[in-house]
Structure formats: C-alpha cells, structure tokens
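Each chain, letter by letter, is given below.
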Amino acid sequence: MVEGPGHMAMDEIEANMKIQQRICQGAPFYVLGPLVTDIAPGYDHITSAIGGAIAAKAGAAFLCYVTPAEHLALPNVDDVKQGIIASRIAAHAADIAKKIPHARDIDDRMADARRKFDWEEQWNCAIDPETAKAIRADRSPEIEESCSMCGKFCAVRSMNKALAGEYIDIL
Ligand code: SF4
C-alpha cells in the first residue's frame, strides 16, 4: 500500500491518482484526505472528505480519515467519530459514482423511506442514526408527515396527497 498526499487542490487530485498508480504499477494507493483547502482548521474532516470523495472516484484504494482537530490538537472521541463519518460519506459517495454493484441500494431504501415518512427505516439507513434522531427530536414538527423545515408546506407530503387524490391542506 502506497501513501499519497494530504493536501491538494481539487483540480489536481484525479491526475495525481493516475500518475501515482502508473508509477507504482497499480499498487494499492491511499490518501490522507486530501484536504482541498487549508483555511478551515476545526473543519478539516469536511475539507478532507471533499478531497477524499474525488480521490476515491479517481481510484484511491483507501481513505485515511481526518478529524476536526487536525493541525490543532490530539483528537478526542467525538473528533474521531466526526472524522470517520465524514470519510465514510466520501467513500460511499465515490462507490455510488463508480457504479459499484448495489452501492446505492441503501440510498434507494432511504429515498423510499423518506417518501413514506417511515422514520424507523430512515434511521436504519442513516450513517449516524443517533445524530439524525436527536435533531428531529429536538425540533419536532406539528405533524408526523413532514419535518419542521416546511411543516404543512412539505413538498413530499403534498405530492403524496396529490397522488392519492386527497385535499392538500397547507393552512
Ligand atoms: S418538510 Fe420540507 S425539508 Fe422536511 S421533509 Fe418535507 S420537503 Fe423536506
């Protein structure tokens, strides 16, 4: 396994992947992020996930996660959690784009669960169900078939009602 870069502009990542793979004769190649900008200390799990998604799509064999504490401190447990989740999202997004068989099955399940407002199934599909549940519980909507973002103006709820031939009450 060959170690790659940790800092790289977005437009340079794909070419770097190809050059490294050629020089290393196809040996597995992993990247530390890479961070696509250096101005976001405290958010380097995000800057690295952006780079990691591009790198994975371009052929990286493995993504090394980066935590929000990168360049600042020894990561704590929550930092590690944030970093791993960000990296897993990047890797999964790349798997979908690479059309790896069944990679997007869970996304399709989530889309169907959202359409049906099946919250338990949404938690089953979520990469971090604890956080998702906590956010919904903290800002509960008036009605179960929506969230507090749009309430009765929920487009999903309105479409379900339209398809069922039901009256759409928005007031
Ligand atoms: S209320 Fe708005 S944000 Fe929430 S599920 Fe419906 S359309 Fe989406």
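Looking at the overall build of the protein
In terms of regular secondary structure, the protein is built from seven helices and three strands. Walking the protein from its N terminus toward its C terminus, one meets helices and strands in the order β-α-β-α-β-α-α-α-α-α. Counting every position in the protein, which comprises 171 residues, the buried fraction comes to 23%. Taking contacts inside the protein between residues at least 6 apart in sequence as the whole, the part at least 24 apart equals 54%.

Some details on the environment of Ala9
If you trace the backbone, Ala9 turns up in the loop between β1 (2-3) and α1 (10-23). A residue is classified by how many C-beta atoms lie within 10 Å of it, and Ala9, with 12 of them, is exposed. The sequence separation of Ala9 and Gly33 amounts to 24 residues, and the corresponding C-alpha distance is 11 Å.

Comments concerning the site of the ligand
Surveying the vicinity of the ligand reveals the residues Ser146, Cys147, Met149, Cys150, Cys154, Ala155 and Val156. Of the residues contributing to the shell around the ligand, the split by class is six nonpolar, one polar and no charged.

Regarding the domain arrangement of the protein
Partitioning the protein into domains gives domain 1 (2-97), domain 2 (104-138) and domain 3 (142-171). One C-alpha centre belongs to domain 2, the other to domain 3; they are set 18 Å apart. Residue-level contacts link four residues of domain 2 with four residues of domain 3. Class assignment for the residues of the side of domain 2 that touches domain 3 results in one nonpolar, no polar and three charged.

Remarks on the pairing of strand β2 (residues 29-32)
Of the strand pairs in this sheet, β1 and β2 are connected by two bridges, and their pairing is parallel. Within the sheet, the bridge partner assigned to Glu3 lies in β2 and is Tyr30. For the segment spanning β1, α1 and β2, crossover handedness is right-handed. Taken together, β2, helix α2 (residues 44-57) and strand β3 (residues 62-64) form a β-α-β motif whose crossover is right-handed.

What counts as what
- Just so you know, the residues in each chain are numbered from 1, in the order the chain's sequence is written.
- Reporting in this predicted model follows two pLDDT cut-offs: at least 70 for local features of residues, and 80 or more for side-chain atom pairs to be given and counted; totals over whole chains, interfaces and linings ignore these cut-offs and use all residues.
- Helical segments are the DSSP runs of H or I of at least four residues, strand segments are the runs of E of at least two, and each set is numbered from the N terminus.
- Put simply, a residue is buried when 20 or more other C-beta atoms lie within 10 Å of its own C-beta and exposed when 12 or fewer do; between those, it is partly exposed, and each C-beta is set from the backbone.
- In this description, a residue-residue contact is defined by the distance between C-beta atoms placed from the backbone, which must lie within 7 Å.
- By definition, a residue lies near a molecule or strand when the C-beta atom built from its backbone is within 6 Å of it.
- Polarity classes work like this: nonpolar for Ala, Val, Leu, Ile, Met, Phe, Trp, Tyr, Cys and Pro, charged for Asp, Glu, Lys and Arg, and polar for all others, with Gly in that last group.
- Annotation comment: domain bounds sourced from an automatic or database domain assignment.
- At least two bridges found by DSSP between two strands are what make those strands a pair.
- A right-handed crossover is one whose linking path, passing over the helix from the first strand to the second, runs clockwise when the strands point away from the viewer.

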